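# Secondary and tertiary structure notes
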Amino acid sequence: MKGGTHFAACVAMAFVCSLPQSFSFSSLSVSPFPATNLAFRCSPSISSISHKRVIALRGRDARVQPAMNLFDGIASKLKESVSDLTKEVKVQHILVESESQAVEIRKKISKEGLETFGKYAQTYSTCGSAKKAPDAKLAQLRGLPGEMVFRKGQTDKAFETAAFEGKVGTVQGPVKTKFGYHLILVNERSEGLGGGEEGGSRADADASAQEEEESKQTESEATEMSKSASKKQLKAKKKRAK
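### Regarding the environment of Ser-98
Looking at the element boundaries, Ser-98 is found in the loop between β1 (88-96) and α4 (99-112). In sequence terms Ser-98 and Lys-176 are 78 residues apart; their C-alpha atoms lie 9.3 Å from each other. A polar contact of 3.4 Å, which involves the side chain of Ser-98, links it to the side chain of Ser-100.

Shown next as structure tokens:
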């Protein structure tokens, strides 16, 4: 702001100095200082310079904006990459040699409930993780039977896809890898640093399923009560008609 005022004052001084000695300011209704607007009106070159400066600033903004858009795009991609690489999934899995055996085990689990997944992992899985137990003394063996915790890029691609894309609280597979056929129970999935897809746990999924079941039961009870009330009203009308 001060620089602009100083510049205007210099212009006004130059204008005054260019006037002939016979010129008198008494004929003007304003004094030459700080009537900078008079100087700008009397100096076409100043107006031209200002116009050129505005055009230059606009040109600079036009060049800066694409660069800012590029930076925002890079930052967004970096955030997505960090989030993707730091996501974790916790699963239990059963590894067997044949697809038919995997299908049979899945049928049994479907019939008996997800709580039996660990039991079948201990009985049939050929993976070392089947030896895990919640009370194991060794940290490497502590956990649920068949349990694995990993991030993207740390395991077979087909196994990874099933674990990260499968719905939490469901059994995926049989999934074929170079090791054999897997049944995968997705127990928990985290969002990763920087956010991203929603995480969740099997407990959340179970709670959600229970709430849905309770809601259906409430609706069913309400429907039955409504039907019962309608029947009573109908009987009452028939009695009054008699």
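### Points about the nonpolar core
Ile-94, Val-96, Ala-102, Ile-105, Ile-109, Phe-117, Tyr-120, Ala-121, Val-171, Tyr-181, Leu-183 and Leu-185 together form the largest nonpolar core, which totals 12 residues. Listed by contribution, the elements that provide at least two residues to this core are β1, α4, α5 (117-124) and β4 (180-189). If near-sequence neighbours (up to four positions away) are discounted, Tyr-120 is found in contact with Ile-94, Ile-105, Lys-108, Ile-109, Glu-112 and Ser-125. One finds Val-91, Ala-162, Val-175 and Val-186 within the second-largest nonpolar core, a separate group that totals 11 residues.

### Observations regarding the side chain of Asn-187
Along the chain, Asn-187 falls in strand β4. Judged by relative accessible area, which is 8%, Asn-187 ranks as buried. At 3.0 Å, the side chain of Asn-187 and the side chain of Gln-92 are in polar contact.

### Here we look at the side chain of Ser-129
Take Ser-129: it is sitting in the loop between α5 and β2 (147-151). Dropping the residues within four chain positions of it, Ser-129 is found in contact with His-93, Leu-144, Pro-145, Gly-146 and Glu-147.

Thresholds, definitions, all that
- Residues numbered from 1 in each chain as written.
- Predicted model: local features only at pLDDT ≥ 70, side-chain atom pairs only at ≥ 80, totals over all residues.
- Heavy atoms only, no water.
- Helix = DSSP H or I, 4+ residues; strand = E, 2+ residues; numbered from the N terminus.
- Polar contact = N/O pair within 3.5 Å; in protein donor to acceptor, adjacent residues only side chain to side chain.
- Core = buried A, V, L, I, M, F, W, Y, C linked by side-chain atoms within 4.5 Å.
- Buried < 20%, exposed > 50% of the residue type's maximum accessible area, 1.4 Å probe, protein only.
- Contact = heavy atoms within 4.5 Å.

Taken by themselves, the reported measurements are silent on function.
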